[in-house]
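Now for the letters of each chain:
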Amino acid sequence: MTPDRDAILAGTELLVRTGRFELAVAEFEKFVHDQPGAWPMAAMLADLFRRAGETAATEGRSAEAIAYFGLVAKWRAARGDRLGADELRTRIEILELDDVEAQLQVVRSSGHEASARIGSTPADPHMRAAAALAREAVARGDALEAAVHLTAEMAGDDASTLLTIAEVLLRAGQLDRGIAIADLAMTTDHRLADAVARLGSEVAAREPNAGFLLIEMADVIRLQEAAERAAKSA
């Protein structure tokens with residue numbers, strides 16, 4: 001291994017150890033693009049990311065684990081390792097369902113079908129019924145069905161819950177609804193722009209157009225925030 005490759009491996013390991021997984025993923029993609037013939041080094045980095053993904057999954061950092069597994073699955077598929085890619089995609093599906101279930105804990109409080117966050121008007125029987133159906137779908141492992149029953153109204157004025165609902169919809173493939181609710185979340189609370197941009201990066205791995213649109217929308221909000229801050233300080 002050349003000193004340059006040593007530096008690349010060491011730098012990538014540092015990004016992983018310090019939790020900057022988005023930068024680590026970007027460095028891997030750049031390396032593979034710039035040096036397509038350097039597959040032994042790419043294989044070492046892919047193994048590093050797979051192990052990092054296992055650690056993240058064990059520690060409950062689902063988004064990080066999904067990013068690592070998705071990257072390695074994409075690389076394996078490009079090299080013709082279909083079985084290896086499918087193995088990681090199965091892990092991703094399990095993680096996503098686990099994440100959906102965690103996000104929908106708000107509809108699973110003991111003795112109630114809706115919590116104080118999702119279903120801010122618990123007296124509404126239609127909303128309670130929808131929340132209960134979403135809960136039951138998650139319990140069956142059916143993220144697609146869960147997404148059908150989620151609406152922006154369930155979040156009330158809570159922008160963070162809006163973004164949670166947007167995530168579930170996007171992961172279930174309901175891109176238009178998910179993008180619209182993510183936009184509403186940012187409009188309600190501009191501080192969520194960074195979270196929407198990160199979500200866009202995840203979505204782009206499977207749905208580039210939708211993912212990049214989310215990133216662009218977040219950039220618009222961040223530019224507006226920067227302009228407002230500059231105007232106030234002028």
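Here the structure is a predicted model, which is why all the values come from computation and not from measurement.

A. Representation of the packing of helix H2 (residues 21–34) against helix H3 (residues 39–58) in the model. The geometry of H2 relative to H3 is characterised by a closest axis approach of 11 Å and an angle of 160 degrees between their N-to-C directions. By the angle between their axes, H2 is roughly antiparallel relative to H3. For the pair H2 and H3, the sense of crossing is left-handed. In this structure, H2 contributes Ala24, Val25, Phe28, Phe31 and Val32 to the contact, and H3 contributes Met41, Ala42, Leu45, Ala46 and Phe49. When the residues that make up the contact of H2 with H3 are grouped by side-chain class, the tally is 10 nonpolar, no polar and no charged.

B. Fine view of the layout of surface pockets. There is about 1,000 Å³ of room inside the largest pocket. Ile66, Glu202, Val203, Ala205 and Arg206 are, among the 34 residues lining the largest pocket, the residues nearest its centre. Of all elements in the fold, only H2, helix H4 (62–78), helix H5 (82–103), helix H7 (143–149), helix H8 (159–171), helix H10 (193–204) and helix H11 (208–233) reach the threshold of two or more residues within the lining of the largest pocket. Looking at the lining of the largest pocket residue by residue, the classes come out as 20 nonpolar, 3 polar and 11 charged.

C. Quick look at the nonpolar core. If you look at the biggest cluster of nonpolar residues, it comprises 31 residues, and the most contacted ones within it are Leu163, Ile181, Met186 and Leu214. Of all the secondary-structure elements, those providing two or more residues to this core are helix H6 (125–139), H8, helix H9 (175–188), H10 and H11. Discounting residues that sit within four places of it in the chain, Ile181 has contacts with Ala152, Leu162, Ile165, Ala166 and Leu169. One finds Ala38, Leu45, Ala65 and Leu95 within the second-largest nonpolar core, a separate group that totals 29 residues.

D. Main features of the environment of Arg91. Residue placement: Arg91 occurs in helix H5. Arg91 gets classed as partly exposed once you look at its relative accessible area, which sits at 26%. Residues Arg91 and Ala65 lie 26 residues apart in sequence; the distance between their C-alpha atoms is 9.4 Å. If near-sequence neighbours (up to four positions away) are discounted, Arg91 is found in contact with Glu54, Ala57 and Phe69.

E. Structural context of H10. With 12 residues, H10 extends 16 Å from end C-alpha to end C-alpha; this agrees with the ideal 16 Å at 1.5 Å per step. Where H10 is buried, its residues meet H8, H9 and H11.

The rules we used
Residues numbered from 1 in each chain as written. Predicted model: local features only at pLDDT ≥ 70, side-chain atom pairs only at ≥ 80, totals over all residues. Heavy atoms only, no water. Axes fitted to C-alpha atoms, helices over the stretch in contact; angles between N-to-C directions. Helix = DSSP H or I, 4+ residues; strand = E, 2+ residues; numbered from the N terminus. Parallel < 35°, antiparallel > 145°, perpendicular 65-115°, else oblique. Left-handed = near helix turned anticlockwise from the far one by under 90°. Contact = heavy atoms within 4.5 Å. Nonpolar A, V, L, I, M, F, W, Y, C, P; charged D, E, K, R; others polar. 1 Å grid on protein atoms, 1.4 Å probe; cavity = no way out; pocket = protein on both sides within 12 Å on 5 of 7 lines; lining within 4 Å. Points joined across faces, edges and corners; volume = space filled by probe spheres on them. Core = buried A, V, L, I, M, F, W, Y, C linked by side-chain atoms within 4.5 Å. Buried < 20%, exposed > 50% of the residue type's maximum accessible area, 1.4 Å probe, protein only. Expected span 1.5 Å × (residues − 1).

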